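Residue-level listing of the chains:
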Amino acid sequence: MFGLLKRMFEKKESKPERLPFYDIVCPYCFSKFHHEDVVFRAAHHRDDDEALALQEDEALNHYREKFGLAPIDELEAIIHPSMIPDENKLYSDRVLMGVSDKYSVVTRNRLCPECHNDLPVTAGKHPSNIVSIVGATSVGKSVYMTSLIHTLQRKTANNFDAACIPLDNGISRRFRQEYEIPLFENGNLLNSTQKTRRQEPFIFQFVFKDEDQSPLTLVFFDVAGEGMTDKDYIKLHASHIKNSSGILFLVDPMQIRTIREKLIHLMGEKPGEIVGQADEPREVVISLFGDFIAHQENSKTKIPTAVVLTKSDLLGALAQENGDYIRSNSNVFHNVTHRDHLNLNEFENINGEIRRFLEQVDIAFINALDVYFKDTAFFAVSALGSNPVDRQVNGIISPIRVDEPFIWLLYKLGFIEGRHEQ
């Protein structure tokens, strides 16, 4: 009887009541707006009508300029719904989805009113649940993102009756050509994001086959440490964090001074790129979240945040030495598959172990997290399963627990249940 009652209380986090429509968060510029405030790209152009002639889209080109992308000379005109009679507005489930212009030509190409990028078709009908991947330069964000998306598409989605889909074909091609093929097919370690290169977000949606279930949008928005000095870039990044529903905050063991020199000594060579002394986890928390969180209630954020210790395979060297920091039979080194629900036994074990480990090696970081965040959990992942040599992965890439932090966020956001296994 007790077991039954226990399982009854291990259901999803309480799910908010379904509303007829929701505010939209743009997955490109992260501005937030009402669904009636979208704009539309005209479905045709006319040389005899200045309002519908091909023209430069200054808002879109300004966005593209931020990421070093070439401007687009001319596009179809922008149509503002405020200029369209109500009888020419097209709604679906009480959400504005299209307009008919004065020539009776219909467009359903909805755009963000700030940056004029295309919006997901589900925008406004479901909550804009965005999960962000953040962390300091050189913690392996690009490699983790590649391994995570690869795993979500090939394993995790099927385990949760869902699909992981790129937002558009351009993102799909860019991910395959620049990330997935070089890493998973050629075994080449990805280069760090260039200091001078600003990377446009990679956007994927985790879509459940249950049509009544909201999709979850995963946004990978990389920022080189040097980019944090650019005011426009900082503003974009702050909006990215502020309007996220969940955060994957990556920490590299090599950021932690207590064990950095020990790892270098034990490995006999540099185990990955050394993160700068100024980029210790506590400083990253302050620089990435300080200004944003200072304006929240009680100066804390309620956004569920998964603290992800990357390159967990490196910790094997510590376990082999004397086990003071981590045991050789640690949960860190064993892969786990969560299916249909979050296995709370596995989650509680890894969460407790990694928090205790970080308290031992970097208590200042834990204290900073406790000050700024109301809802954190701790994980350890290996995106590759082994330490690359000379920037080359030898053998088959076997990620370890790489999707677990994402699955925890699914649980926290009410998408899936959590259960204790018997």
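Conventions we followed
- Residues numbered from 1 in each chain as written.
- Predicted model: local features only at pLDDT ≥ 70, side-chain atom pairs only at ≥ 80, totals over all residues.
- Heavy atoms only, no water.
- Helix = DSSP H or I, 4+ residues; strand = E, 2+ residues; numbered from the N terminus.
- Polar contact = N/O pair within 3.5 Å; in protein donor to acceptor, adjacent residues only side chain to side chain.
- 1 Å grid on protein atoms, 1.4 Å probe; cavity = no way out; pocket = protein on both sides within 12 Å on 5 of 7 lines; lining within 4 Å.
- Points joined across faces, edges and corners; volume = space filled by probe spheres on them.
- Nonpolar A, V, L, I, M, F, W, Y, C, P; charged D, E, K, R; others polar.
- Salt bridge = Lys/Arg side-chain N within 4 Å of Asp/Glu carboxyl O.
- Buried < 20%, exposed > 50% of the residue type's maximum accessible area, 1.4 Å probe, protein only.
- Core = buried A, V, L, I, M, F, W, Y, C linked by side-chain atoms within 4.5 Å.
- Contact = heavy atoms within 4.5 Å.

> Hey, could you go over the side chain of Asp252 for me, with residue numbers and the actual values?
Mapped onto the fold, Asp252 is located in the loop between strand E13 (246–251) and helix H6 (257–267). One polar contact links Asp252 to Lys311, side chain to side chain, over a distance of 2.6 Å.

> Explain empty space enclosed by the protein to me, and be specific about the residues and the numbers.
For the coordinates displayed, the defined rule picks out two cavities of 30 Å³ or more. Of the volumes computed, that of the second largest cavity is approximately 110 Å³. Looking at the lining of the second largest cavity, its residues break down into eight nonpolar, six polar and no charged.

> Give me the pattern of salt bridges: which residues, what numbers.
Counting across every chain of the model gives 16 salt bridges. Among the ionic pairs, Glu180 bridges to Arg176, the shortest N-O distance being 3.0 Å. Separated by four residues within a single helix, Glu180 and Arg176 lie in helix H4 (residues 169–185), roughly one turn from each other. One salt bridge in this structure joins Asp252 and Lys311, with 2.6 Å as the shortest N-O distance. Taken together, the positions of Asp252 in the loop between E13 and H6 and Lys311 in the loop between strand E14 (305–309) and helix H8 (315–321) put the pair 59 residues apart, joining distant regions of the chain. Classification of Asp252 by relative accessible area gives buried; the value is 0%.

> Before we move on, can you summarise the nonpolar core with the specific residues and values?
Judged by nonpolar contacts, the single largest core of 104 residues is most densely connected at Phe206, Leu248 and Leu358. No other element matches the seven residues that helix H9 (residues 344–361) contributes to this core. Not counting the four nearest positions on each side in its chain, Leu248 is found in contact with Val131, Ser132, Ile133, Val134, Tyr144, Leu148, Leu218, Ala306, Val308, Pro405, Phe406 and Leu409. Among the nonpolar cores identified, the runner-up in size contains eight residues, and Val143, Leu183, Phe184 and Ile397 belong to it.

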